[in-house]
Amino acid sequence: MTDFDVDLFVVGAGSGGVRAARVAAGHGARVAIAEEFRVGGTCVIRGCVPKKLMVYASRFRDEFEDAAGFGWTIPEMAFDWPKLVAAKEREISRLSAIYRTNLEKAGVAMIDSRAEIEDPNTIILGDGRRLGAKTILVATGGTPVLEPDIPGRELAITSNEVFDLAVMPQRLLIVGAGYISVEFASIFTRLGSKVAIASRGENVLRGFDDDMRCGVRDALVEEGVEMHFSHLPTRIEKIDGGLRVHLTSGLQLDVNQVMLATGRLPHTRGLGLERAGVTLDSVGAVIVDDFSRSNVNSIYAVGDVTNRLQLTPIAIREGHAFADTVFGGKTTAVDHAHVPTAVFTTPELGAVGLTETQAREACDCVDVYQASFRPLKATLSGRTEKTMMKIVVDGRTDVVLGVHILGEGAAELAQVLAIAIRLGAKKADFDATIAVHPTSAEELVTMRTRTARFERAIAGPEAPDAVDAEFLEG
Ligand SMILES: Cc1cc2nc3c(=O)[nH]c(=O)nc-3n(C[C@H](O)[C@H](O)[C@H](O)COP(=O)(O)OP(=O)(O)OC[C@H]3O[C@@H](n4cnc5c(N)ncnc54)[C@H](O)[C@@H]3O)c2cc1C
């Protein structure tokens, strides 16, 4: 007998929450899950899935254009945005329904309501009902940052709204230069919008390998995206037929939409966590240990709300590990190393492991193998686009530390390369692997010539602090 209504109450039916609820129920726990918006969460409803559908839509433009080089005659292209939005909506509704059915099949009680935390073992629902829970899992995800905080900010949209615009913006300004910004710049440019990016930094995609960042930036510029680096909006005002944006450079841009893509914050505001004694970090993320447990014994958190790595597969893995640990008798921690990632611009970026800069900070000797080439398809299509590949190697042990690819299929390659890197593959293993020909990926196993070596000068007795020593470029 127990005094609690449920063994586990999950707040938020997104990637992490749904997985945790289903697995915990499978281990025999009595589970309830609350969702205030739509089952499936950010990834399914207004993140990865609809975005990838829009990426596919945008890439048809390149295919139609390229086809001529291969002998095809394509009638005039025309694109219908409302048709794409409606098709996208059908697909995410189908997926959301599957998530709901799977939860119900697993025996999880679905509650369509906002939930807040009253104390370490009590949940309050939107209608005021209270439920006792032995364990609470916070899986409330993240929410777009509404910055910069400038006059007229309320006229801007975020990624939450962009998927369902009634009309496709002819002219769009995206503020920010992270992966969401560049992905939407690439999508809308191909669909026919005139896109500009304004950002505080001097390049796109902070945190990715520098050469790949430049490659993405150059590809966007080549497609006609206007870049306003080191300049942010100071004011947005309504004008006839659109919006006028004033930039710190003094420039004014007249557009139809402004999209803020300046980051995402953990979704903890008003959730009652502080009231329950849960410690949050400076950006509001729930601080958890390796097993996703907060400082309050009965409260756990997984996914974006913990601000570890904001990716769907991470949220899913953390949710699964939590359920196995707490309800399955199998203590499991998630390994956050060697996580492959992708940026779905066109061309796309796939990466796993350390960037060149990170490797040079971490290792005494770093070898870089780099290739940039025109893919075979481009020879007949006439496209100027280049494929770039970079392998970052520990020069002392020959272990591959990171691989970075900009080009068609890069995301798919990153997935497979992550297995090799996880297994500790050496550059010699890449070299010993037979190529698949003719592919772009064969370059990964045929790059024999080192393009650079960065070596920290060996510290002698007269140079006691090796950390201060210079890197010598070879
Ligand atoms: C535009 C965009 C593109 C992205 N693309 C990718 C990609 O290509 N690949 C990738 O891996 N990741 C991508 N992501 C990130 C990915 O969507 C998230 O990492 C993932 O969804 C996190 O899962 P989660 O379970 O932590 O939170 P979420 O999926 O956000 O789920 C949280 C859920 O909790 C609900 N909720 C919040 N508060 C409450 C409350 N008080 N009561 C009840 N319910 C509540 C929310 O409505 C939401 O449904 C993208 C994100 C965005 C915004």
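Along each chain, residue indices are assigned from 1 in the same order as the chain's sequence is written. Local features in a predicted model are, by the rule used here, given only for residues with pLDDT of at least 70; side-chain atom pairs are given and counted only at 80 or more, and totals for whole chains, interfaces and linings are based on all residues. Only hydrogens and water are set aside when side-chain values are computed; all heavy atoms of the structure are taken into account.

Counted as salt bridges are all cases of a side-chain nitrogen of Lys or Arg within 4 Å of a carboxyl oxygen of Asp or Glu. Summed over all chains, the structure comprises 38 salt bridges. Among the ionic pairs, Glu-89 bridges to Lys-88, the shortest N-O distance being 3.7 Å. What makes Glu-89 partly exposed here is its relative accessible area of 25%. Given a relative accessible area of 1%, Lys-88 falls into the buried group. Only protein chains enter the accessibility calculation, which uses a 1.4 Å probe. A residue is then buried if its area is under 20% of the maximum for its type, exposed if over 50%, and partly exposed in between.

Turning our eyes to something else, we now look at the side chain of Asn-203. The numbering of helices and of strands both runs from the N terminus, where a helix is a DSSP run of H or I of at least 4 residues and a strand a run of E of at least 2. Following the sequence through the fold, Asn-203 ends up in the loop between β9 (194-199) and α7 (210-222). Note on contacts: a residue pair is in contact if any heavy atoms of the two residues lie within 4.5 Å. Contact partners of Asn-203, with chain neighbours within four places excluded, come to Ala-177, Arg-213, Cys-214, Arg-217 and Phe-229.

With that settled, the discussion passes to the pairing of strand β4 (residues 115-119). Successive residues of a regular strand alternate their side chains across the two faces of the sheet. Any two strands with at least two DSSP bridges between them are considered paired. Across four bridges, β4 lies against strand β5 (residues 122-125) in antiparallel orientation. Directly across from Asp-119, in β5, lies its bridge partner Thr-122.

What follows covers the domain arrangement of the protein chain. For the purposes of this description, domain bounds are those given by an automatic or database domain assignment. According to the domain assignment, the protein chain consists of domain 1 (6-143 + 265-328), domain 2 (147-261) and domain 3 (340-455). Roughly 1000 Å² is buried in total at the junction of domain 1 and domain 3, and carbon and sulfur atoms are behind 48% of that figure. Its largest share of buried area at the contact with domain 3, domain 1 owes to Arg-59, Asp-66 and Phe-70, together 45% of the area lost on that side. Across the contact surface, domain 1 and domain 3 share five salt bridges. With a closest N to O distance of 3.2 Å, Arg-383 and Glu-65 form a salt bridge. Polar contacts, as used here, are pairs of N or O atoms within 3.5 Å; protein pairs need one atom able to donate a hydrogen and one able to accept it. Residues neighboring in sequence count only if both atoms are side-chain atoms. One can count seven residue pairs in polar contact (both at pLDDT 80 or more) joining domain 1 with domain 3. Only Asp, Glu, Lys and Arg are considered charged in this grouping, and only Ala, Val, Leu, Ile, Met, Phe, Trp, Tyr, Cys and Pro are considered nonpolar; every other residue, Gly among them, is considered polar. In terms of residue class, the side of domain 1 that touches domain 3 is made up of three nonpolar, one polar and seven charged. The quantity reported as buried area is the accessible area (1.4 Å probe) lost by two parts once they are put together, taken as the sum for both.

The subject of this paragraph is the UniProt feature "binding site: NAD(+)" (unreviewed entry) in the protein chain. In this numbering, the UniProt entry assigns the feature "binding site: NAD(+)" (unreviewed entry) to Gly-176, Ala-177, Gly-178, Tyr-179, Ile-180, Ser-181, Val-182, Glu-183 and Gly-263. Spanning 88 residues, the named residues nonetheless gather at one spot, since no C-alpha pair among them exceeds 13.6 Å. Positionally, Ala-177 belongs in the loop between β8 (171-175) and α6 (179-191). Excluding its chain neighbours within four sequence positions, the residues that come into contact with Ala-177 are Val-182, Ser-199, Asn-203, Val-204, Leu-205 and Ala-261. UniProt positions are given in the numbering used here, feature names are shortened, and annotations may be inferred rather than shown by experiment.

Each axis is a line fitted through C-alpha atoms, taken for helices only over the stretch in contact, and angles between the N-to-C directions span 0 to 180 degrees. Relative orientation of the contacting elements helix α1 (residues 15-26) and helix α8 (residues 312-327) amounts to 30 degrees, with a least axis distance of 7 Å. By the angle between their axes, α1 is roughly parallel relative to α8. Handedness of the α1/α8 crossing: right-handed. Note on element contacts: α8 touches α1 through Thr-312, Ala-315, Ile-316, Gly-319, His-320, Phe-322, Ala-323, Asp-324 and Phe-327, opposite Ser-15, Gly-16, Arg-19, Ala-20, Val-23 and Ala-24. Here the angle decides the label: under 35 degrees means roughly parallel, over 145 means roughly antiparallel, 65 to 115 means roughly perpendicular, and every other value means oblique. We call a crossing left-handed when the near helix sits turned anticlockwise from the far one by less than a right angle, and right-handed when that turn is clockwise.

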